[in-house]
Amino acid sequence: MRVWLPTVLLAALLGGLSVGMSVLEPLFAWVQPDTSRVIYERESFAFLLYNHLMLVVVSAVIGTIAAVAGGIFATRPAGRDFLPLVSQIASIGQTFPPVAVLALAVPVLGFGEAPILLALILYGLLPILRNTLAGLEGIDPAVREAALGMGMSPLQVLLRVELPLAGKVILAGIRTSVTINIATAAIGSTIGARTLGDPVIAGLVNGNTAYVLQGAILIGLLALTADSLFEALERNWDRHSGRVRPPVFR
Amino acid sequence: MIELKQVTRRFGNVVAVDAIDLTIETGEVCVLVGSSGCGKSTTLRMINRLLPHSAGDILVDGKSITTMNPQQLRLNMGYVIQGTGLFPHWTVARNIAMVPRLLKWPQARIDERVRELMTLLDLDPATHADKYPQQLSGGQAQRVGVARALAADPNILLMDEPFGALDAITRDNLQLEMLRIQQQVRKTTVFVTHDIDEALKLATRIAVMDRGRIVQHDTPENILRRPASEFVENLVGRQDRGLKLMSLRPVRELMTPHASPKRSDPGADALKEDDSVRLALSVMLWQDLKQLAVFNARGEETGVITRERIMQDGL
């Protein structure tokens, strides 16, 4: 189980810091010597971490379902005509800055979690969709032909052959999307969503570098934890599908 | 039995297969041969409905394939293709077990069948069953492809240039293996190739295709002796025909048998009854001999073949 070790260590550090940030008080006092309060206390870090994580998880789940479904649809015989359209829509989602999405969404959805969720979903679609398409298109056509020709139904081909073979590439797309969105979610704090961006914004407004650092450290650690989790998942995928084995000399 | 009646396939305005009639008897190996783009692969892929036909009718054992569920139809047709199409995320054993699993056989029966087929295809189950396809050589992978196609004991075998990507020696071995397996299992086989020598070697009957039509459908011998058109004549090789005909004929037919088999010690290179007359002649020319002893499978000398006899009756 050595693949999981970095994830466990990073998660322990993240959890530890979010409940016991005050341990580092001398450090922050040195960074920001002129203020009496150097640890952000308006909200507990644990609550902000939880809220931040939930925003990312919910947007990732919705984004993954939408992107994988879109990718599957666009590679079926019936949906092939829509392939360019589907990739264009995802590209537009990526080129549209999240800040602009927030600005446009707040008047419609109000302040709080909803606009940032929308922005995260749109922003996270492209890497997943692009990897779903690449994974499915990258399968040797002979494999699909053999599967169909030997009597699998199109659904069986998808579930037993195509998705297992494309899975690792799709997983890599989700990894990129989640890592980006952990950073992007912080801007939700500007429109009233409770995230780890709160101390950063508060620090910027009050000229308190210590606050900014505390938010940034936790966001960074969260991103590293998530990334190492996906790293471990991808390795595990190899083991189960047997796709990367020690080469055999012929 | 497979019957194609006035079968046509169009891609847009292009006619790929043009109203062909073809009957493939039960247990025979029908080889479709022709240059690329002649419609041979298209014809094959229409039989298992990977491609729908534009007109005409295809009957399997008297039943039109359009009335059958395509999955059910294909489960009863082994399918072997050039790139093997093995599933890279499954082991060799799991690949071979694909169709039996789809048919929901009990696990014990599947395991036994996989072992049986690997032995038939000369793959040691102990060393190869748990390997993944990318750990196999090209020849081994294609053996697995053939085993997978035979797994659920289908009545029909469809093979689309299965040995096309292999080197000459491996191809030769697999062709011999295929002849041996075919003698054991007697599948109605449709085999597509562009290699006329492969066709002559494997076929019960050959259908020569050109520009979407069948120009001649006959036994290898008749194709060589009486080519129906200049195209067929060029395909089989005008000058080379004499030797090709000789390679169709086993030594057994021209040898002078002994009254009773003699015990003796055949060398490794000894001529066997099933070897071709062409091989016998070649050995005689090379070793400058007038006659050669012929041995049976048990290593007993059963007769002799003379150069004179080959020259007289070889064709």
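Here the structure is a predicted model, which is why all the values come from computation and not from measurement. (Residues numbered from 1 in each chain as written. Chains lettered and ligands numbered in written order. Predicted model: local features only at pLDDT ≥ 70, side-chain atom pairs only at ≥ 80, totals over all residues. Heavy atoms only, no water.)

**Describing a nonpolar patch on the surface**
Residue and element names in this part refer to chain A.
- On the surface, L53, V57, V61 and I65 cluster together into a nonpolar patch covering about 320 Å² of accessible area.
- Relative to the helices and strands, L53 is located in helix 3 (residues 45–75).
- A relative accessible area of 34% places L53 in the partly exposed class. (Patch = residues over 30% accessible without salt bridge, like charges linked within 9 Å, V, L, I, M, F, W, Y side chains within 5 Å. Areas by Shrake-Rupley, 256 points an atom, 1.4 Å probe, with all protein chains shown as cover. Salt bridge = Lys/Arg side-chain N within 4 Å of Asp/Glu carboxyl O. Helix = DSSP H or I, 4+ residues; strand = E, 2+ residues; numbered from the N terminus. Buried < 20%, exposed > 50% of the residue type's maximum accessible area, 1.4 Å probe, protein only.)

**Examining empty space enclosed by the protein**
All names here are of chain B.
- Applying the stated rule across the entire model yields 3 cavities of 30 Å³ or more.
- Taken together, L121, V146, L150, L157, F163, L174, E177, M178, I181, Q182, V185 and K187 make up the full set of residues lining the largest cavity.
- Per-element accounting of the lining of the largest cavity gives the leading share, 6 residues, to helix 8 (residues 168–185).
- Here the residues of the lining of the largest cavity sort into 9 nonpolar, 1 polar and 2 charged. (1 Å grid on protein atoms, 1.4 Å probe; cavity = no way out; pocket = protein on both sides within 12 Å on 5 of 7 lines; lining within 4 Å. Points joined across faces, edges and corners; volume = space filled by probe spheres on them. Nonpolar A, V, L, I, M, F, W, Y, C, P; charged D, E, K, R; others polar.)

**Re the confidence of the model for chain B**
- Residues with a pLDDT of 70 or more make up 100% of chain B, whose mean pLDDT is 91.
- For this predicted complex, the interface score ipTM comes out at 0.83, while the overall pTM is 0.83. (pLDDT = per-residue confidence, 0-100.)

**Things to note about the sheet that holds strand 12 (residues 271–272) of chain B**
Residues and elements named next belong to chain B.
- The 4 strands are arranged 11-14-13-12 in an open sheet whose pairing can be described as mixed. Across the chains shown, the open sheet's two edge strands, defined by having one partner strand only, are strand 11 (256–262) and strand 12.
- Of the strands in this sheet, strand 12, strand 13 (291–295) and strand 14 (301–306) are in contact with helix 13 (residues 277–287), which crosses strand 13 at around 135 degrees. (Pairing = 2+ DSSP bridges. Contact = heavy atoms within 4.5 Å. Axes fitted to C-alpha atoms, helices over the stretch in contact; angles between N-to-C directions.)

**Brief notes about the environment of V208(B)**
Residues and elements named next belong to chain B.
- Mapped onto the elements, V208 comes out in strand 9 (residues 205–210).
- A residue is classified by how much of its surface remains accessible, and V208, at 0% relative accessible area, is buried.
- The spacing of V208 and I169 is 39 residues in sequence and 25 Å in space, taken between C-alpha atoms.
- Ignoring anything within four residues of it in the chain, the contact list for V208 reads V33, R213, I214, V215, Q216, I223, F231, V232 and L235.

**A closer look at the pattern of salt bridges**
- Summed over all chains, the structure comprises 28 salt bridges over all chains.
- Between E43(A) and R194(A) there is a salt bridge, and its shortest N-O distance comes to 3.1 Å. Of this pair, E43(A) sits in the loop between helix 2 (25–31) and helix 3 while R194(A) is found in the loop between helix 8 (154–184) and helix 9 (197–206), placing the two residues 151 residues apart along the sequence.
- By relative accessible area, R194(A) is classed as partly exposed at 29%.
- Between R298(B) and E300(B) there is a salt bridge whose closest N-O contact spans 3.5 Å.
- Look at E300(B) and you get buried, because its relative accessible area is 14%.
- The structure contains a network of salt bridges with shared partners spanning R175(A), D227(A), E231(A), E234(A) and R235(A).

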